[in-house]
Number of protein chains: 4
Amino acid sequence: MSDIKLLQQQLAQFAAERNWDQFHTPKNLAMALNGEVGELTEIFQWLTPEQSEQLPHNKKTHLEEEIADVFMYLLRLADRCDVDIIKACETKLEKNRNKYPVEKCYGSAKKYNEL
Amino acid sequence: MSDIKLLQQQLAQFAAERNWDQFHTPKNLAMALNGEVGELTEIFQWLTPEQSEQLPHNKKTHLEEEIADVFMYLLRLADRCDVDIIKACETKLEKNRNKYPVEKCYGSAKKYNEL
Amino acid sequence: MSDIKLLQQQLAQFAAERNWDQFHTPKNLAMALNGEVGELTEIFQWLTPEQSEQLPHNKKTHLEEEIADVFMYLLRLADRCDVDIIKACETKLEKNRNKYPVEKCYGSAKKYNEL
Amino acid sequence: MSDIKLLQQQLAQFAAERNWDQFHTPKNLAMALNGEVGELTEIFQWLTPEQSEQLPHNKKTHLEEEIADVFMYLLRLADRCDVDIIKACETKLEKNRNKYPVEKCYGSAKKYNEL
C-alpha cells in the first residue's frame, strides 16, 4: 500500500474511534484546512524571504507540525470526497505544463493569462 | 521511490526548467498555499454540510484541481524546507493520539485544552 | 475624523512607537491577515450553520477578538497601500449590484458567471 | 450614522433583496472571508517585500477590490454576530498595548509569549 493510502487509513481510523466522522464533512474539513494553513503562515509572516530559507531549529520543528496538520486535513478531505490525490496532481501538473510553456514563462512570475 | 518523492522531483524540475526557484522561497510558497486553499474553500462556502458530501460532477472536478494545487505547493514547501512530510505526519499523529485519548474526546469536537 | 481614519492613526502610532514599520510591508500584512482569518475560522469549523448563529458567550468573546485582529491588519494594509477602504467598498458594491441583478440571482448562491 | 453602520445597512439590504440571508450564516461568511483573503494574498505572493510597497496601477486597482471584498464579508459577519467592530478594535488595541509594552518589543517581531 502507498504511504498516502496508509496514512489515510490511519486518519480514518483515528476519526472513527473518536466518533468524529460526524464532524468531518468536506465543508468542515475545508475550514479546518484553513485554520492550519493560517498557523503555518504565521511562522513566516514577519520573516524576510531570505530568513524563511534558514529557519532556526525551533521554528523548523514548528513548521514540521504545521505541514503535518495541513497535510492530514487535506488527505482526510480527499478521502471523504473520493479524490485520488496523486492522480489529481499528475493531471494538474500536465495541465500546468501546457499553461506554462518554458519558452513563454522562463524567469517570469506572471500568471498564464498575463503572459 | 515513493509517490511523494517522485512528485517532489517532478515539481522541482518543473520549477527549475522555468527558472522559478527564485520565486519559490518558503515565505512565498506559504502565501501561494493560502491562495489555493482560498480557492478550495470557495467551492464549499455556500453549501450545507450535507451538500458538501454530494458534490455534483463539475464541482468534484474543480475540487480535484484545487486539492492538487494545495498539495503541490505543500510538497514544494516541504521540499524547500527539508521536511519529510510522511515522517512529520507520523510524529504528529502519535502526538494527537496522546492529546485526544478516545475516552476523553469520544463524540466531542472540543479542543484538547477544553476537554 | 471618521472612526476608520482614527483607528488607522492609532494603529500607525502603535507600530511606529515599537519600530515595527519595517515589518509592516504590504506583503507581510497580507500574511498576518491570513493568520488571523485562520484563527477566526477555527471558531466555526466544527459548528453546524445553526450553531454558528448562536455562539455561547465565551466563543462570542473570542470572535470579537478575532474580528478585531482581522480588521486591524486590513486597516493597516489599506493604510500602507493608500487604499481608501470605504470608497473601495462603495465602488465594489456598485459593481456587485450590476453583476448580481436581483431578478437573476434571487435565492441563488451561484457565481455571476454561472447565472 | 457612522460609515461602518451605513455600509452594514447597505450590505444587509443587498443580501435581503436577493434572498441571500439563508446563505449568510456566520459559518458561511467565515468561509467566504477566507476565499477573499486568498485572492488578496495572490496579489502579493511572488512579489518581494519591496515590490509589495510599489504596486503598479493595475495591481493597485485589483487590491482595492480585494480589500473591499474582505471588508464587506467581515462587516457582514460582525453584523450577523452582533459584534460592534470599532468597539472590538478599541478593546483589542488596549489589550495589545499591555501585551506589547514598547520597552520590551521595540524593533522586535517576536510574539508576546517569546519576548
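No experiment lies behind these values; they were computed from the predicted model shown. (Residues numbered from 1 in each chain as written. Chains lettered and ligands numbered in written order. Predicted model: local features only at pLDDT ≥ 70, side-chain atom pairs only at ≥ 80, totals over all residues. Heavy atoms only, no water.)

K.L.:
Residues and numbers for helix α4 (residues 57-80) of chain A, please.
P.N.:
With 24 residues, α4 of chain A extends 35 Å between its outermost C-alpha atoms, agreeing within 8% with the 34 Å of an ideal straight helix rising 1.5 Å per residue. D82 of chain A lies just past α4 of chain A and shows a positive phi near 55 degrees. (Helix = DSSP H or I, 4+ residues; strand = E, 2+ residues; numbered from the N terminus. Expected span 1.5 Å × (residues − 1).)

K.L.:
Could you give an account of the relation of the copies chain A and chain B, naming the residues involved and the relevant values?
P.N.:
Aligned on chain B, chain A shows an RMSD of 0.0 Å; the corresponding rotation is 180 degrees and the shift along the axis is 0.0 Å. Viewed as a symmetry operation, the transformation between the two copies matches a two-fold axis. The overlap is high: 100% of the interface residues of chain A also sit at the interface in chain B, so the same surface is used on both sides. (Least-squares fit on C-alpha atoms with pLDDT ≥ 70 in both. Contact = heavy atoms within 4.5 Å.)

K.L.:
So what's going on with the packing of aromatic side chains? Which residues, and what values?
P.N.:
Enumeration according to the criterion identifies 18 aromatic pairs over all chains in this entry. Relative to Y100 of chain B, the ring of W20 of chain A has its centre 5.4 Å away and its plane inclined at 80 degrees; by these criteria the two rings are edge-to-face. Residue W20 of chain A is located in the loop between α1 (3-17) and α2 (26-44), and its partner Y100 of chain B is located in the loop between α5 (85-99) and α6 (102-105); the two belong to separate chains. Across this residue pair, the class does not change: W20 of chain A and Y100 of chain B are buried. Arranged with centres 5.1 Å apart and planes meeting at 5 degrees, the rings of F71 of chain A and F71 of chain B form a pair that is stacked. On the criterion of chain membership, the pair formed by F71 of chain A in helix α4 and F71 of chain B in helix α4 (residues 57-80) is interchain, its members lying in two chains. The pair formed by F71 of chain A and F71 of chain B is uniform in burial state, with each residue classed as buried. (Phe/Tyr/Trp six-rings, centres within 6.5 Å; stacked < 30°, edge-to-face > 60°. Buried < 20%, exposed > 50% of the residue type's maximum accessible area, 1.4 Å probe, protein only.)

K.L.:
So what about a negative patch on the surface? Which residues, and what values?
P.N.:
Taken together, the side chains of D3, D84 and E90 of chain A together with D3, D84 and E90 of chain B present a region of like negative charge at the surface. Examined against the element boundaries, D84 of chain B turns out to sit in the loop between α4 and α5. D84 of chain B gets classed as partly exposed once you look at its relative accessible area, which sits at 40%. (Patch = residues over 30% accessible without salt bridge, like charges linked within 9 Å, V, L, I, M, F, W, Y side chains within 5 Å. Areas by Shrake-Rupley, 256 points an atom, 1.4 Å probe, with all protein chains shown as cover. Salt bridge = Lys/Arg side-chain N within 4 Å of Asp/Glu carboxyl O. Lys, Arg positive; Asp, Glu negative; His and termini not counted. Charge placed at Lys NZ, Arg CZ, Asp CG, Glu CD.)

K.L.:
Let's hear about the environment of F44 of chain B: which residues, and what values?
P.N.:
Residue and element names in this part refer to chain B. Among the structural elements, F44 can be located in helix α2 (residues 26-44). Classification of F44 by relative accessible area gives buried; the value is 0%. In this structure the C-alpha to C-alpha distance between F44 and L63, which are 19 residues apart in sequence, comes to 9.4 Å.

K.L.:
I'd love a proper account of the interface of chain A and chain B, names of residues and values included.
P.N.:
Across the contact, 63 residues belong to chain A and 63 residues belong to chain B. In total, about 5700 Å² of surface goes out of reach between chain A and chain B, with carbon and sulfur atoms giving 71% of it. On the chain A side of the interface with chain B, the three residues burying the most area are R18, K27 and I67 of chain A, jointly 10% of the side's total. One can count 8 salt bridges joining chain A with chain B. Across the salt bridge formed by R80 of chain B and E53 of chain A, the nearest N and O atoms sit 3.3 Å from each other. Taken together, the connections running from chain A to chain B amount to 26 residue pairs in polar contact (both at pLDDT 80 or more). At the level of elements, α1, α2, α3 (49-52), α4, α5 (85-99) and α6 (102-105) of chain A are the ones that each hand at least two residues to the side of chain A that touches chain B. No other element matches the 14 residues that α4 of chain A contributes to the side of chain A that touches chain B. (Buried area = accessible area lost by both parts, 1.4 Å probe. Polar contact = N/O pair within 3.5 Å; in protein donor to acceptor, adjacent residues only side chain to side chain.)

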